[in-house]
Amino acid sequence: MVTADHLALVFFSFAVGFALFSMLLLLLRKRRWCTCHVCRAYLSSSWAAEFDNLCDWHTHLLRESPTGTIHVHVLGNIITANPTNVEYMLKTRFHNFPKGKAFSALLGDLLGDGIFNVDGDSWLFQRKMASLALGSISVRSYALGIVSSEISRKLLPLLSSVADRRDGVVDLQDVFRRFAFDTICMISFGLDRSCLELSLPMSEFAAAFDAASKLLARRGTSTASILWKLKRLFNVGSERKLNRAIRKINMLAEDIIRQRRRLGFTSGHDLLSRFMCLVGDDDKFLRDIVISFLLAGRDAVASGLTSFFLLLSQNPYTVAAMRDEIAGVIKDGNEDAVNYEQLKEMRYVHAVLYESLRLFPPVQFDSKFCLEDDVLPDGTFVSKNTRVTYHPYAMGRMETIWGPDCEEFKPERWLRGGVFTPANLFNYPVFQAGQRVCLGKELALEEMKAVVVSVVSKFDVEVLQGAQPLKFVPGLTATINGGVSARVSRRS
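Residues numbered from 1 in each chain as written. Predicted model: local features only at pLDDT ≥ 70, side-chain atom pairs only at ≥ 80, totals over all residues. Heavy atoms only, no water.

### What to know about the pattern of salt bridges
Right, so step 1: According to the stated counting rule, one finds 29 salt bridges in the structure shown.
Right, so step 2: The residue E150 makes a salt bridge to R153 at a minimum N-O spacing of 3.3 Å. Taken together, the positions of E150 and R153, both in helix 7 (residues 137-164) and three residues apart, correspond to about one turn of that helix.
Right, so step 3: We classify E150 as buried; its relative accessible area is 1%.
Right, so step 4: Several salt bridges share partner residues, and in doing so they unite E355, R358, D405, K410 and R413 into one network. (Salt bridge = Lys/Arg side-chain N within 4 Å of Asp/Glu carboxyl O. Helix = DSSP H or I, 4+ residues; strand = E, 2+ residues; numbered from the N terminus. Buried < 20%, exposed > 50% of the residue type's maximum accessible area, 1.4 Å probe, protein only.)

### Let's talk about the sheet that holds strand 7 (residues 387-390)
Right, so step 1: Ordered in space as 1-2-7-4, the four strands form an open sheet in which the pairing is mixed. Both edges of this open sheet fall to strand 1 (69-72) and strand 4 (366-369), since each of them pairs with a single strand only. Mean inter-strand twist for the sheet, computed between neighbouring axes without regard to direction, equals 25 degrees. (Pairing = 2+ DSSP bridges. Axes fitted to C-alpha atoms, helices over the stretch in contact; angles between N-to-C directions.)

### Some points on the packing of helix 13 (residues 283-313) against helix 19 (residues 441-458)
Right, so step 1: Orientation of helix 13 relative to helix 19, taken along the N-to-C sense of each, is 40 degrees, at an axis distance of 10 Å. When the interaxial angle is binned, helix 13 and helix 19 end up oblique. When you trace helix 13 past helix 19, the crossing you get is right-handed. Residues V301, G304, L305, F308, F309 and L312 of helix 13 lie in contact with helix 19, whose contacting residues are A444, E447, M448, V451, V452, V455 and V456.
Right, so step 2: Of the residues in the contact of helix 13 with helix 19, the class split is eleven nonpolar, one polar and one charged. (Parallel < 35°, antiparallel > 145°, perpendicular 65-115°, else oblique. Left-handed = near helix turned anticlockwise from the far one by under 90°. Contact = heavy atoms within 4.5 Å. Nonpolar A, V, L, I, M, F, W, Y, C, P; charged D, E, K, R; others polar.)

### Focus on the pairing of strand 2 (residues 77-80)
Right, so step 1: Along strand 2, one buried face is formed by N77 and I79 and the opposite face, lined by I78 and T80, is buried too.
Right, so step 2: Bridge analysis of strand 1 against strand 2 gives four bridges, and the strand direction is antiparallel. The residue bridging H71 from the neighbouring strand is I78, located in strand 2.
Right, so step 3: Between the antiparallel neighbours strand 1 and strand 2 lie four residues, among them G76 with a positive phi of about 60 degrees.
Right, so step 4: Relative to strand 7, strand 2 is paired through four bridges, and the arrangement is parallel. Within strand 7, the position partnered with T80 by the bridge is Y390.

### Looking at the sheet that holds strand 13 (residues 485-490)
Right, so step 1: One open sheet holds the three strands; their spatial order is 3-13-10, and the pairing between them is antiparallel. Whereas interior strands pair on both sides, the edge strands pair on one side only; in this sheet they are strand 3 (169-171) and strand 10 (459-463). Between one strand axis and the next, the sheet turns by 35 degrees as a mean value, whatever way the strands run.
Right, so step 2: Sheet contacts for helix 8 (residues 172-189): strand 3, strand 10 and strand 13; angle to strand 3, the most-contacted strand, approximately 55 degrees.
Right, so step 3: Relative to strand 10, helix 19 is tilted by about 95 degrees, and along the sheet it contacts strand 10 and strand 13.

### Side note on the UniProt feature "binding site: heme" (unreviewed entry) in the protein chain
Right, so step 1: The UniProt record annotates "binding site: heme" (unreviewed entry) at C438.
Right, so step 2: With relative accessibility at 34%, the residue C438 sits in the partly exposed group.
Right, so step 3: Not counting residues within four places of it along the chain, the set of residues in contact with C438 comprises F431 and Q432. (UniProt positions renumbered as here; feature names shortened; annotations may be inferred.)

### A look at the packing of helix 16 (residues 347-359) against helix 19
Right, so step 1: Remark: helix 16 packs on helix 19, axes separated minimally by 11 Å, with the N-to-C direction vectors making an angle of 110 degrees. With respect to their mutual orientation, helix 16 and helix 19 come out roughly perpendicular. In the packing of helix 16 onto helix 19, the handedness of the crossing is right-handed. For the pair helix 16 and helix 19, the contacting residues are V349, H350, L353, Y354 and L357 in the first and K441, L445, M448, K449 and V452 in the second.
Right, so step 2: Along the lines of polarity and charge, the residues of the contact of helix 16 with helix 19 split into seven nonpolar, one polar and two charged.

### Quick look at helix 5 (residues 100-111)
Right, so step 1: Over its twelve residues, helix 5 extends only 14 Å from the first C-alpha to the last, a length that falls short of the 16 Å expected when each residue adds 1.5 Å.
Right, so step 2: Taken as a whole, helix 5 has its buried residues at G100, F103, L106, L107, L110 and L111. Buried positions in helix 5, seen along its axis, are confined to an arc of 115 degrees and lie on one side of it.
Right, so step 3: In this structure, the buried residues of helix 5 make contact with helix 9 (204-220), helix 10 (225-234), helix 11 (237-263), helix 13 and strand 4.
Right, so step 4: Within two residues after helix 5, G112 carries a phi angle of roughly 55 degrees, on the positive side. (Expected span 1.5 Å × (residues − 1). Arc of directions from axis to C-beta.)

### Quick notes on the nonpolar core
Right, so step 1: One finds L172, F189, F205, L294, F309, M322 and V455 to be the most contacted residues of the largest nonpolar core, which totals 152 residues.
Right, so step 2: Counting residues per element, this core draws most heavily on helix 13, which supplies 16 residues.
Right, so step 3: Sequence-distant contacts of F309, defined by excluding residues within four places in its chain, comprise L172, F176, V452, V455, V456, V461 and V463. (Core = buried A, V, L, I, M, F, W, Y, C linked by side-chain atoms within 4.5 Å.)

### With respect to a positive patch on the surface
Right, so step 1: A contiguous patch of positive charge on the surface is contributed by K214, R218, K231, R240, K241, R244, R247 and K248.
Right, so step 2: Elements represented by at least two residues in the positive patch include exactly helix 9 and helix 11.
Right, so step 3: Sort the elements by how many residues they give to the positive patch and helix 11 lands first, with five residues.
Right, so step 4: By the secondary structure assignment, K241 is in helix 11. (Patch = residues over 30% accessible without salt bridge, like charges linked within 9 Å, V, L, I, M, F, W, Y side chains within 5 Å. Areas by Shrake-Rupley, 256 points an atom, 1.4 Å probe, with all protein chains shown as cover. Lys, Arg positive; Asp, Glu negative; His and termini not counted. Charge placed at Lys NZ, Arg CZ, Asp CG, Glu CD.)

### Concerning the side chain of N53
Right, so step 1: Residue position: N53 is located in the loop between helix 2 (37-44) and helix 3 (54-64).
Right, so step 2: Polar side-chain contacts of N53 include one of 2.8 Å to the backbone oxygen of L470.
Right, so step 3: When near neighbours in sequence (up to four residues on either side) are disregarded, N53 contacts W47, L470, K471 and F472. (Polar contact = N/O pair within 3.5 Å; in protein donor to acceptor, adjacent residues only side chain to side chain.)

### Structural notes on the packing of aromatic side chains
Right, so step 1: The full count for this structure, using the stated rule, is 16 aromatic pairs.
Right, so step 2: Between Y354 and W414, the aromatic rings sit 5.2 Å apart at their centres with planes inclined by 65 degrees, giving edge-to-face as the arrangement. Separated by 60 residues along the polypeptide, Y354 in helix 16 and W414 in the loop between helix 18 (399-402) and strand 8 (415-416) bring together distant segments of the chain. Here Y354 and W414 have matching classes, each one buried.
Right, so step 3: Measuring from centroid to centroid gives 6.3 Å for W402 and Y428, while their planes differ by 80 degrees, and the two rings are edge-to-face. Highlighted residues: W402 in helix 18 and Y428 in the loop between strand 9 (419-420) and helix 19, separated in sequence by 26 residues. Y428 shares its class with W402; the two are buried.
Right, so step 4: In this structure an aromatic cluster arises from ring pairing among Y354, W402, W414, F420 and Y428.
Right, so step 5: The ring of F360 carries R397 above its face, with NZ or CZ at 5.3 Å from the centroid. (Phe/Tyr/Trp six-rings, centres within 6.5 Å; stacked < 30°, edge-to-face > 60°. Lys NZ or Arg CZ within 6 Å of the ring centre and 35° of its normal.)

Quick look at the structure:
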């Protein structure tokens, strides 16, 4: 006898089956299909047999393209290393190439409505506030004071203790990530998270941030966004891990806001205090500000410093030239308390830093979404809602931009008669360009230069990479897989 329970079970089973069938049909409709050699290589991962990193494969394809532009149809993605296209996207037709709703959805769980994830009035409002804060001479002075303090109180003593050990080996990437995390917490929030002490485990916030960055990068490489959206809906697999990481980030970001509020913010010099004075009790907005500052101040600076010392270890002549310049500028030998005017005089150090960032930009590529059908200057047609990516990593390796020595580490290319000569920003979009050019650029450069001057003056740093090729971890910024082991010794 058929009971009501049996009927309910049959109905429920039919409903679930129908829902799964509908999702499958939707997936098949949404998924882009293509049999071109680029898409076949991407889908099968056959590119990995020849290239260690996706960005290196992209670079190879972009070099081969007559226009410096390629299509990855299965991702609905146009990728370019053509400076005229970059200028068109970031300046000429800026309003037709916003971050876009698709990008905001991709990173929204982490970045929320922060400045890196929004367009229009919200972006303009945050940019104006950030510009007022970061453009202030008092903030620049305050920030450099914190950087100098963190270097003398934490970074140099740590490296000294490493140098005094028998093996003298440390993971440079780990050290710089901890240093940058502590520094940005002090500059942005006025809080010392004591992350740099290696006897303690990495801050839960930093570990969760790393996990979220890696998992969000996986979303961006998916050929069908509905897959990660379904996993997020049912809270399974990688989306479950991401949800757990972001919950931890949210808890700790809220703790930072509470601490700052408890300590008082009306007279604070840190950036969070300045924003609190402007937006009051909007904790959701403040949370997004906290995350944005951390993404820019920790990951980008740590990535830049890590690749800098990796390249420096391979170029002893450059180290010697830097030391000569530093000694000529800092007469009293107190390199760990360098000031803004002294940093400004170090043109060769500045050139070395720019050259390092050319070859290893912290953000290897950045994407926009096309609002309405358009045509790029190289003749590439871009249909509405297409993702368009410009590729600073590949651009740093393009002979058409930098000449036949584009793969060589050559700081002298930035100097004309001993004077630093910057490149066109659309040839070198390491700090973006146009209306979205990075507001924290000068702060980041000053922080990195202060670290470089202090460390190079006091230590020899030998990276122990051997013949192993560099492999990057998928993420929002460039992170080297397995870290960067280096032997640190005091200069005699």
